[in-house]
Amino acid sequence: MNSVLFIMSIITTALIGFLAVSITERNKQIFNLPEKFAISFPLGAGIIAFYLFYISLLGLNITIISTIPLFILGMFGILKLYQTRPRHDSYINIEECWSKQSWIRRVLLILFTVTIVWKLSFMFFNAIVIPPFFDDAITCWSYKAKVIYFNKSLEMEPDNPLFLGGAYSLYPLAPSLFRVWVALIMGGWHEAYIQLHSFLILISLLLVIFTSLREYTSFFTRVLSCYLIVSIPLFSTHAYAGYADIILSCYITVSFILLMKWYFTKERNILIIAAASMAMAIFTKNEGFVLYLPAALITFSYY
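One structure accompanies this document, and this report is about it.

Thresholds, definitions, all that
- Residues numbered from 1 in each chain as written.
- Predicted model: local features only at pLDDT ≥ 70, side-chain atom pairs only at ≥ 80, totals over all residues.
- Heavy atoms only, no water.
- Helix = DSSP H or I, 4+ residues; strand = E, 2+ residues; numbered from the N terminus.
- Buried < 20%, exposed > 50% of the residue type's maximum accessible area, 1.4 Å probe, protein only.
- Contact = heavy atoms within 4.5 Å.
- Areas by Shrake-Rupley, 256 points an atom, 1.4 Å probe, with all protein chains shown as cover.
- Phe/Tyr/Trp six-rings, centres within 6.5 Å; stacked < 30°, edge-to-face > 60°.
- Lys NZ or Arg CZ within 6 Å of the ring centre and 35° of its normal.
- Salt bridge = Lys/Arg side-chain N within 4 Å of Asp/Glu carboxyl O.
- Expected span 1.5 Å × (residues − 1).
- Axes fitted to C-alpha atoms, helices over the stretch in contact; angles between N-to-C directions.
- Parallel < 35°, antiparallel > 145°, perpendicular 65-115°, else oblique.
- Left-handed = near helix turned anticlockwise from the far one by under 90°.

**Points about the overall build of the protein**
- When helices and strands are tallied, the protein shows 14 helices and 0 strands.
- Reading the protein from its N end, one meets helices and strands in the order α-α-α-α-α-α-α-α-α-α-α-α-α-α.
- Relative to its full complement of 303 residues, the protein shows a buried share of 51%.
- Contacts in the protein between residues at least 24 apart in sequence constitute 76% of all its contacts with a sequence separation of at least 6.
- Approximately 14,600 Å² of the protein is accessible, and the part contributed by carbon and sulfur atoms is 70%.

**A closer look at the packing of aromatic side chains**
- Applying the stated criterion to the full structure yields 18 aromatic pairs.
- Among the aromatic side chains, those forming a connected cluster through ring pairs are F50, F53, Y54 and F283.
- The ring of Y149 has K152 lying over it, and the distance from NZ or CZ to the ring centre is 4.0 Å.
- Above the ring of F210, the side-chain terminus of R222 is found at 4.8 Å from the ring centroid.

**Some points on the environment of L271**
- Positionally, L271 belongs in helix α13 (residues 269–282).
- Put simply, L271 and K261 are 10 residues apart on the chain and 9.4 Å apart in space, counted from C-alpha to C-alpha.

**Points about the pattern of salt bridges**
- Inspection of the entire model under this criterion finds 4 salt bridges.
- Linking K285 and D245 is a salt bridge whose minimum nitrogen-to-oxygen distance equals 3.3 Å. One end of the pair, K285, is in the loop between α13 and α14 (287–301); the other, D245, is in helix α12 (residues 245–265), with 40 residues separating them in the sequence.
- Overall, the relative accessible area of 22% leaves D245 in the partly exposed class.

**Points about helix α7 (residues 174–186)**
- Here α7 contains 13 residues, and its C-alpha end-to-end distance of 19 Å stays within 8% of the 18 Å for a straight helix at 1.5 Å per residue.
- Counting buried positions along α7 yields 13 of 13 residues, so the element is predominantly enclosed.
- At the exit of α7 stands G187, carrying a positive phi of roughly 75°.

**Some thoughts on the packing of helix α6 (residues 135–151) against α7**
- Close contact between α6 and α7 brings their axes to 8 Å; oriented N to C, the two are set at 50°. Here α6 lies oblique to α7, going by the angle between them. Where α6 crosses over α7, the two elements pack in a sense that is right-handed. Listed contacts from α7 to C140, W141, S142, K144, A145, I148 and Y149 of α6 are P175, S176, L177, R179, V180, A183 and L184.

Here is the structure:
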């Protein structure tokens with residue numbers, strides 16, 4: 001039953017993100033369907049975190065009742081998904097992927113793909129078996145999430161020791177608040193499921209790179225890029241250690257890819273999602289503002 005509830009929380013999150021992307025497009029079909037799926041989960045997770053934060057500012061408790069609007073958005077996401085007509089050019093071209101590749105590249109593609117699956121399998125296993133044990137990962141993210149979840153509210157009184165979740169109150173709350181959302185849906189704090197947060201964001205990051213760069217790079221380059229990412233030792237650790245660095249990296253990557261897409265297409269609606277991703281990065285880690293500021297200044301200077 002826990003697995004079903006966890007999957008429900010993740011699917012609802014993705015549907016909320018899918019709805020947001022679809023509304024932003026305004027029937028222009030700027031993104032192909034795989035791109036939408038890739039962006040949906042991290043975008044939905046950020047929307048949920050902001051929602052829980054804002055209802056806390058209004059003095060509401062964080063309960064299943066107060067999250068009913070999120071489920072309604074999820075239902076609208078289902079309707080939007082049902083209405084979506086996929087572009088026929090959005091899927092993988094078998095000839096491009098395999099037939100046109102030299103035998104050396106075919107061997108490398110098989111090697112890279114097997115290695116990616118193997119590494120992700122071990123990351124998944126570690127995430128469900130090993131609880132966070134690094135001090136800053138627990139203090140900054142897991143502890144704050146547990147405080148908020150078990151208190152059913154976000155303390156807003158600065159003199160209270162549980163102010164904004166307790167320790168490191170100046171740290172952004174997005175990762176902790178999303179984990180509260182998962183715990184709410186599951187009806188309890190189940191560490192093995194909740195700590196899959198970073199792993200799922202890593203999957204989204206790989207999908208974003210693989211799907212969104214189709215127009216600019218070859219199939220081989222995209223697979224190689226995904227291989228290089230999962231081969232970074234820091235990512236292998238952070239996929240299960242409870243940190244927020246992968247989450248921050250995903251929002252940074254989404255924003256920069258969308259800025260690049262906007263530069264070539266001049267579709268201003270893309271800037272809305274890029275700006276939302278920028279805001280979610282700032283709400284994920286304090287470093288998000290420093291890393292995004294140059295991109296924001298360059299974008300604004302364009303006008």
